Amino acid sequence: MSKTNTKPVVYSALEVANICGVVNQTAINWIRSGYLKAYSTPGGQYRVYADDLADFMQSRNMRLPQELIDICGTETNRRIIVIVDDDKGLNAVIKSFFEKKFPKAEILQAFDGFEAGALMAEHKPHCVILDIHLPGVNGVELCNRINATSDFGKPVIIGITAMPEEYTAEEIKKMGTKHFFAKPLNLEELAKTVSQALNIPMAE
């Protein structure tokens, strides 16, 4: 809920629809599919917190009305990013770099496909930095799972690998990754890509 107001601001599905310029059923479908976070009243009506609506709209490059910006303030820049790589050293380096570049984002870590699946189901991140070669559930299989269900929140997937020659550009695209980077990583370029994909600024 919004941290800039003593009383949380919530919207009905119809109000969400009006703000986003869609019909009521579309807003309900977003909620039921897990794209837009919401809760149900005792009467079975959906309610959406203002900052959850702002996050949803920003992740889809929708223009926020001034009223919503005033309610949420800087909270609208909050994003959840999950780094999935079994190389714990590299995973930690990416996390540390992202924490500096995106101080308002929440950076989470997973070290295998099973852990990543559980983490994404719980947090529904906006972006996943995903090593294609993972123990257990590999990155390719995890990509397929992410794109086949809304259980993970439909994050932007950025693939990374130490063996880029293994896949063609077309194969990489078919995996469902939005972008792809070969190791050793250019962390600055990786951060720029995340910034553009999520529409959030980078710190200097």
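A short tour of the structure in this document, coming up.

Each value, and the rule that gives it
- Residues numbered from 1 in each chain as written.
- Predicted model: local features only at pLDDT ≥ 70, side-chain atom pairs only at ≥ 80, totals over all residues.
- Heavy atoms only, no water.
- Helix = DSSP H or I, 4+ residues; strand = E, 2+ residues; numbered from the N terminus.
- Buried < 20%, exposed > 50% of the residue type's maximum accessible area, 1.4 Å probe, protein only.
- Contact = heavy atoms within 4.5 Å.
- Pairing = 2+ DSSP bridges.
- Axes fitted to C-alpha atoms, helices over the stretch in contact; angles between N-to-C directions.
- Salt bridge = Lys/Arg side-chain N within 4 Å of Asp/Glu carboxyl O.

This paragraph deals with the side chain of N91. Here N91 lies in helix α5 (residues 88–101). Note on N91: relative accessible area 0%, which makes it buried. The residues touching N91, leaving out its near neighbours within four places in the chain, are I83, V84, D85, Q109, A110 and F111.

Within a sheet, neighbouring strands are paired by backbone hydrogen bonds and run either parallel or antiparallel to one another. One open sheet holds the three strands; their spatial order is β1-β3-β2, and the pairing between them is antiparallel. Two strands close off the open sheet at either side, each with one partner strand: β1 (10–12) and β2 (39–40). Two elements, β1 and strand β3 (residues 46–49), share three bridges in a ladder whose sense is antiparallel. Note on β3: the bridge partner recorded for V10 is Y49. Across the sheet, helix α1 (residues 13–20) lies against β1 and β3, angled at about 90° from β1, the strand it touches most.

The next thing to look at is the pattern of salt bridges. What the rule picks out here adds up to seven salt bridges. For K95, the salt bridge goes to E99, with nearest N and O atoms at 2.4 Å. With K95 and E99 both in helix α5 and four residues apart, this pair spans about one turn of that helix. Overall, E99 belongs to the partly exposed group, its relative accessible area being 38%. A salt bridge links R145 to E141; its shortest N-O distance comes to 3.0 Å. Residue R145 and its partner E141 are located together in helix α7 (residues 139–148), separated by four residues, close to a single helical turn. On the basis of relative accessible area, E141 is assigned to the partly exposed category, the value being 34%.

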